[in-house]
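Residues per chain, in single letters:
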Amino acid sequence: MTSVHEAVPSAPVPEHGPREPVHSPAKPMSWAMLSRALAVPLILALVCFLPAVIAAQPGTGVRDTAYWLQLVLTCYAGARLATMILSTRRRLLQGIFWMFVYIAMGVAPFAQAVIGQTPTPMVGPRSDLVTAVALILVGCAAFDLGALLASRRPLRRRVAARSGSGPAVAHRGRLGLLVLLAFAASGYYVLKLGGPAVFFTSRQEISASVAASGVVSGQSNVGSAFLKGFGTVPALLALLFFTRRLVTSRRARRAPSTVLVWAGLIGLNAIVNNPVSNARYWFLTVLVSLLFTAFPSSAAMYRSVLAMGVVGALVLFPYADRFRYDGAGYRPVDSSSVFEPLATKDYDQTVMFANTITWVDTHGHTYGRQLAGSALFFVPRSVWNGKPEDTGVRVGQWMGMSMTNLSAPLWTELWVDFGAPGMAGAFALIGYVAARTDRRYARAVSRDGPGPGSVLAVTAPLIAGYTFILLRGPLLQAAGKPAVAALCLLLVTSFRSRAGRRPR
C-alpha cells in the first residue's frame, strides 16, 4: 500500500495525448520564507486585531457569557482559517469551512453581540444563545477531530488488477451528451421564463416568471427546484469539465471544436448563472468552483480566495443583494460603520440557532424527520402528506415572522434531529470526509493524477463552492442542485483501468 507521501509510479499516457507537466507555483524554500513573514501579521489580524476593533465599536450589547463565548469562537475560527491560508497544502473543503465559520458564526455574531442588534429577533431567553454558541464550538471541535483522524490514515491507491478499474474520469463521448443536455435544459429554462432579458432584471422578476411558468403547483416547489436545477447545474458542470481540459491539455487548446464549445458554455453560463438573476450564495459557488478548476495547482489562488473571501464577505456581501428586488423594492443599506450591516443583514445563523433551541424546548427533537424531508425533497407534498417544511421556515412561522426565508445552519439541522451527541458525531464524520477529499483532490491534480478527465478535480471545487449553501441552510432548499449535479456526474463518469482501458 502506498502512502500519499510516498513515491508512486507515473500514470501511463492517456488516450487524449501527453499531458503538460504541472509547474509548481513556487519553490518550497521561497514559500517557507514567505509564510514565516506572513504568519504573524495574518494571525494577529484574524485572531486579535479584527476582534479588538469590533469590541471597540459603540453599542448596547451585554458582555455576559454569550459575549465571551462568541469571542472565543471568533478567535478559534480565525486561528484555524489562518492555518488553512498558510498551509503548504491546498485544503479546499476545510478552508471554505473555516472561512464560513469565521465570518458567519464568528465575526458577524460578535459584531451583533457588541452592537446589541441582530438581523432576526431572538424570541427565547439569553441562556439559549449561550447554548447555541457553545454547541457551535462543539461542532467546530468535532470537525477538527475528524480531520485529525483522517490525517493519521494514509491514502491508498486502488489496485487495478484487483478492482478491475481505475480513477473516475469523464467519458469523452458522454461528456458531449452533458454539453447537449446543458444547452437543451438551459435553453428550455430561458424560454420558459420569457427569454434572456429576464435574467438581467432581478431575482424578484425571476421568481415571478417561475411562478407564471406553471411549474409551481400548490404548496410544492419540486417543479421549481428541478427547473432551476437543470437550467443552471448542467451548464456549470460542463463548463468546469471543459475548463479543466483546456487548462491541462495542450491538444485540447489546439482543437477549435473544444475552444468553441467552451466559449459557448461561457456565454450560456453568463445568462443562466450570472449574479443578477441568482442568489449570492449560488454565484459564489459558480465563482469559487471556476477559480479552483481553472487554477488547480495554484497555491496563490487558493490563498487569495480564502483571504479575499473574508474581506469580500465583510465589506461587499451585505451590499451584494442589489439585484434581489426591482428598483421599487430595493432599499439601500444606510450605515455609518462597516460592521453595522453585519448586525442588521444576512448573518442570522447564530440567532436562528438560538431561536431553534427555544422552538425545540416546546416541540421536541424531530429524530431524523427534517433530514428525511431534505433527502426526499423530490417527493411532492401531494404524495407525502405532512412532508416537513424547511427548518428555517418552521421556526420562522412559529416566531410569527412575515418573511420566513431564514437560515438554518448545519449545526441547527443536525441538532434538531439528533441532539448534541448526534451533532458532534456528524461533524466529526464531516471533518473526516472533508480532509480525505482534500487529500485525494491534491493527488488528482498532481502530475500522477488521472489527467484532464479527472472527475474529482472538478467535483471537489464544486463541492467547495456549494459548502457555503450547505452550511448556511436550510438543507431542504439546498438539496435540489446537488441531486442534479449527482445525476450529471453519473452520466459522464467512467472508471478506467490503470492501463488506460475501460473495464468490460
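In this report, we go over the structure that sits alongside the text.

Procedures and definitions
Residues numbered from 1 in each chain as written. Predicted model: local features only at pLDDT ≥ 70, side-chain atom pairs only at ≥ 80, totals over all residues. Heavy atoms only, no water. Phe/Tyr/Trp six-rings, centres within 6.5 Å; stacked < 30°, edge-to-face > 60°. Buried < 20%, exposed > 50% of the residue type's maximum accessible area, 1.4 Å probe, protein only. Lys NZ or Arg CZ within 6 Å of the ring centre and 35° of its normal. Helix = DSSP H or I, 4+ residues; strand = E, 2+ residues; numbered from the N terminus. Expected span 1.5 Å × (residues − 1). Bend = angle between axes of the 7 residues up to and from the residue. Core = buried A, V, L, I, M, F, W, Y, C linked by side-chain atoms within 4.5 Å. Contact = heavy atoms within 4.5 Å. Disulfide = S-S within 2.5 Å. 1 Å grid on protein atoms, 1.4 Å probe; cavity = no way out; pocket = protein on both sides within 12 Å on 5 of 7 lines; lining within 4 Å. Points joined across faces, edges and corners; volume = space filled by probe spheres on them. Nonpolar A, V, L, I, M, F, W, Y, C, P; charged D, E, K, R; others polar. Axes fitted to C-alpha atoms, helices over the stretch in contact; angles between N-to-C directions. Parallel < 35°, antiparallel > 145°, perpendicular 65-115°, else oblique.

**What to know about the packing of aromatic side chains**
To describe a pair of aromatic rings, you give the distance between the ring centres and the angle between the ring planes.
For step 1, the next point in the chain: Considering all chains together, one arrives at 16 aromatic pairs under this definition.
For step 2, the next point in the chain: A ring pair is formed by Tyr67 and Trp68, whose centres lie 5.0 Å apart and whose planes are at 90°; its orientation type is edge-to-face.
For step 3, the next point in the chain: On the basis of relative accessibility, which here comes to 2%, the residue Tyr67 falls in the buried class.
For step 4, the next point in the chain: You can call Trp68 partly exposed: its relative accessible area is 47%.
For step 5, the next point in the chain: The ring of Trp282 carries Lys481 above its face, with NZ or CZ at 3.9 Å from the centroid.

**Some words on helix α8 (residues 222-248)**
For step 1, the next point in the chain: Look at α8: 38 Å from first C-alpha to last across 27 residues, which is about the 39 Å you get at 1.5 Å a residue.
For step 2, the next point in the chain: A bend of about 30° at Gly229 is the largest found in α8.
For step 3, the next point in the chain: Most of α8 is tucked away, with 21 of its 27 residues classed as buried.

**So, the nonpolar core**
For step 1, the next point in the chain: If you look at the biggest cluster of nonpolar residues, it comprises 120 residues, and the most contacted ones within it are Leu237, Phe241 and Trp411.
For step 2, the next point in the chain: Among the elements that make up this core, the one with the highest residue count is helix α3 (residues 92-115) (18 residues).
For step 3, the next point in the chain: Once you skip the residues sitting within four places of it in the chain, Phe241 turns out to touch Ala170, Leu175, Leu178, Ser454, Val455, Val458, Leu489 and Val492.

**Some details on the state of the cysteines**
For step 1, the next point in the chain: Evaluated as defined, the whole model comprises zero disulfides.
For step 2, the next point in the chain: Residue Cys48 stays outside any disulfide, its sulfur separated by 6.6 Å from that of Cys75, the closest cysteine.

**Observations concerning empty space enclosed by the protein**
For step 1, the next point in the chain: Scanning the entire structure with this criterion turns up four cavities of 30 Å³ or more.
For step 2, the next point in the chain: Approximately 40 Å³ is the volume attributed to the second largest cavity.
For step 3, the next point in the chain: Looking at the lining of the second largest cavity, the elements with two or more residues in it are α15 (369-375) and α19 (475-478).
For step 4, the next point in the chain: Of the residues in the lining of the second largest cavity, the class split is four nonpolar, four polar and three charged.

**A short note on the packing of α3 against helix α17 (residues 410-444)**
For step 1, the next point in the chain: Where α3 contacts α17, the axes come no closer than 7 Å and their chain directions differ by 140°. Accordingly, the angle class assigned to the pair α3 and α17 is oblique. Facing Leu92, Leu93, Gln94, Phe97, Phe100, Val101 and Met105 of α3, the residues of α17 in contact are Trp411, Phe427, Ala434, Ala435, Thr437, Asp438 and Tyr441.
For step 2, the next point in the chain: Residue composition of the contact of α3 with α17, by class: eleven nonpolar, two polar and one charged.

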